[in-house]
Amino acid sequence: MQNLRTQADWIARARAVLPAGGFGNFDPGIIIARGEGSRVWDEDGREYVDYLIGSGPMLLGHGHPEVMEAVLEQLPRGMTFFANNALGIELAEAIVDAVPCCEQVRFVASGGEADMYAIRLARAYTGRDKILKFEGGYHGMSAEAQMSLAPATRVNFPQAVPDSAGIPQGVADNMLIAPFNDLEAVTSLLDEHPDVAAIIVEPLQRIIPAAPGFLHGLRDLCTKHTVLLIFDEIVTGFRLAFGGAQERYGVQPDICTLGKIIGGGFPLAALGARTEIMQHFDKAAVGSDRWLMQLGTLSGNPVAAAAGLKTMEVLRRPGTYDTLRAHGEALQNMQSKALSAAGIPHQVCGDPTLFDIYFTDQPCVDYRSAQHRDPHMNDIYNTALRAHGVFKSPGKLYPSLALTAEDLALTQSAVTEAVIAFGKA
């Protein structure tokens, strides 16, 4: 087969064999050839500072030498076994030691799987069917998760709007949708619906911070109504702090899901809770009627476990999170100062470890308020950033520990050019 090397060639080949020409994740108009440290290169050799970092997993950067060494040590010993292995057990021990709500964990291969099983586990434990989620909250690709993630039409709460074709009406009937950061709405829904099994929430919803007292309020309401609180920490786990958002904010859920960082760049995720809840994965403990079946070909595979263990070891070192937050604060400040100097209304939304810009003068507190005044402004800004060597999602910026002073200087220059681009549009 002819080896086509240009990006245009690869894009044409992708269009022939992939729906919409891509994997469904990101802009199919760019083909990444390799990554090293804080940088990635496309198939035409263009170099970028990487703030996408694989949508979060590469917190240490690409090809971190210690992670590579751990992976290369495991590879000749075997890539997967569909059986228990020592590295997977060690990783489970490390997660239990680090994450406050976890006494036991169960591995899966993706964050979407972890969220799906967390919802099913809550139903198995409580014997109830309804799940409360927040409009705009992302919890993977299960039928429940694809309710009111990005609804094109606004409906009255708590009606659920499917974001995908192929989802039966029965799924929507068992979902309640509330606005993020609105404890009064949650209180009302729990009072009206005694059959709620769980509330699932991103402690940092995409990039929208929880209002002071909101997460604590959810914890209190769940305790009062004997509803399980699920923290989706696929993104925030080991990013906001070593113990995740629950450590950072001091709120302990009943169940949490973890992904991205715990696999060190390889496919691996997990859900964890106290033993009393997790025993539903053990038929001998709960009986066949209450048993939750779960298996996966690659769950807990030793290569991913090796990468995750070494990543966690690096993250435990003194000063790591101070460095990460310093990088994020520098990136926030440089953008806000440049936009403010140009008189462009904006909000820096998120945490220094994960954030982005909304082009609005209104506070961003939930899905409906976290919107650009003019979405075209976001397109102009992100297009200009990429043209000047900054690679990021249109809706998120992930700092990494691999960033250097040179990367920050290049980003500053790109931000300056992106602001200038507004005047040329």
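Predicted model only: the values in this text are computed from it and were never measured. (Residues numbered from 1 in each chain as written. Predicted model: local features only at pLDDT ≥ 70, side-chain atom pairs only at ≥ 80, totals over all residues. Heavy atoms only, no water.)

Asks: Explanation requested: the pairing of strand β3 (residues 47–50) in the structure shown.
Replies: In summary, the side chains of a regular strand alternate between the two faces of the sheet. By the bridge criterion, 3 bridges tie strand β2 (residues 39–42) to β3 in an arrangement that is antiparallel. Its bridge partner being in β3, W41 is matched across the sheet by E47. Taking the residues that link successive antiparallel strands as the turn, the β2-β3 hairpin has 4 residues, and the phi of G45 there is positive, at about 90 degrees. The pairing of β3 with strand β15 (residues 390–391) spans 2 bridges and is classified as parallel. The residue bridging D50 from the neighbouring strand is F391, located in β15. (Pairing = 2+ DSSP bridges. Helix = DSSP H or I, 4+ residues; strand = E, 2+ residues; numbered from the N terminus.)

Asks: Where do I start with the nonpolar core in this structure?
Replies: Counting residues in hydrophobic clusters, the biggest one holds 66 residues, and the most contacted among them are I95, V99, F134, V186, I199, L218 and F238. Looking at which element gives the most residues to this core, the answer is helix α11 (residues 302–315), with 8 residues. Not counting residues up to four positions away in its chain, the partners in contact with I199 are L132, F134, V186, L190, L218, C222, V227, L228, L229 and I230. In this structure, A122, I177, L228 and A273 belong to the second largest nonpolar core, which totals 29 residues. (Core = buried A, V, L, I, M, F, W, Y, C linked by side-chain atoms within 4.5 Å. Buried < 20%, exposed > 50% of the residue type's maximum accessible area, 1.4 Å probe, protein only. Contact = heavy atoms within 4.5 Å.)

Asks: Would you explain the pattern of salt bridges in this entry?
Replies: Pairs can form between side chains of opposite charge once their charged atoms are near each other. Per the counting criterion, the structure on display carries 20 salt bridges. Among the ionic pairs, K130 bridges to D195, the shortest N-O distance being 3.1 Å. One end of the pair, K130, is in strand β5 (residues 130–134); the other, D195, is in the loop between α6 (183–192) and β7 (196–201), and 65 residues separate them in sequence. On the basis of relative accessibility, which here comes to 30%, the residue D195 falls in the partly exposed class. One salt bridge in this structure joins E135 and R368, with 2.8 Å as the shortest N-O distance. Note that E135 is positioned in the loop between β5 and α5 (169–173) and R368 in the loop between β14 (354–358) and α13 (375–387), a separation of 233 residues in sequence. Under the relative-accessibility criterion, E135 is labelled buried at 4%. Judged by its relative accessible area of 24%, R368 is partly exposed. Sharing partners across several salt bridges, the network here consists of R39, E47, E406 and D407. (Salt bridge = Lys/Arg side-chain N within 4 Å of Asp/Glu carboxyl O.)

Asks: Explain a nonpolar patch on the surface here, please?
Replies: A cluster of nonpolar side chains, M68, L72, L75 and M79, forms an exposed patch at the surface whose accessible area comes to about 390 Å². Counting through the fold element by element, L75 comes out in the loop between α2 (65–74) and α3 (86–98). (Patch = residues over 30% accessible without salt bridge, like charges linked within 9 Å, V, L, I, M, F, W, Y side chains within 5 Å. Areas by Shrake-Rupley, 256 points an atom, 1.4 Å probe, with all protein chains shown as cover.)

Asks: Even after reading the chapter, I still don't get unusual backbone geometry, so can you show me in this structure?
Replies: Note: most peptide bonds trans; most residues except glycine with negative phi. Going from F157 to P158, the amide bond is cis rather than trans, its omega being 5 degrees. By the element assignment, P158 lies in the loop between β5 and α5. Although it is not a glycine, F238 sits at a positive phi angle of roughly 65 degrees. Mapped onto the fold, F238 is located in the loop between β10 (228–233) and α8 (244–249). Given the relative accessible area of 0%, F238 is considered buried.

Asks: How do you make sense of the state of the cysteines when you look at a structure like this?
Replies: As used here, a disulfide is simply a covalent bond connecting the sulfur atoms of two cysteines. Tallied over the full model, the rule gives 0 disulfides. With no disulfide of its own, C364 lies closest to C349 among cysteine sulfurs, the gap being 4.9 Å. (Disulfide = S-S within 2.5 Å.)

Asks: Where do I start with α11 in this structure?
Replies: An α-helix turns once per 3.6 residues; consequently, residues spaced three or four apart project the same way. When the terminal C-alpha atoms of α11 are compared, their 20 Å separation across 14 residues agrees well with the 20 Å that a helix rising 1.5 Å per residue should span. Extensive coverage of α11 is indicated by the burial of 13 of its 14 residues. The N-capping residue of α11, defined by a side-chain oxygen 3.1 Å from the backbone nitrogen of V303, is N301. (Expected span 1.5 Å × (residues − 1). Polar contact = N/O pair within 3.5 Å; in protein donor to acceptor, adjacent residues only side chain to side chain.)

Asks: I would appreciate a short explanation of α2 in the present structure.
Replies: Three or more residues of α2 are buried, namely V67, A70, V71 and Q74. Down the axis of α2, the sector holding all buried residues measures 95 degrees, keeping them to one side. The exposed residues of α2 that point more than 90 degrees off its buried face are P65, E69 and L72. Elements in contact with the buried residues of α2: α3 and α11. (Arc of directions from axis to C-beta.)

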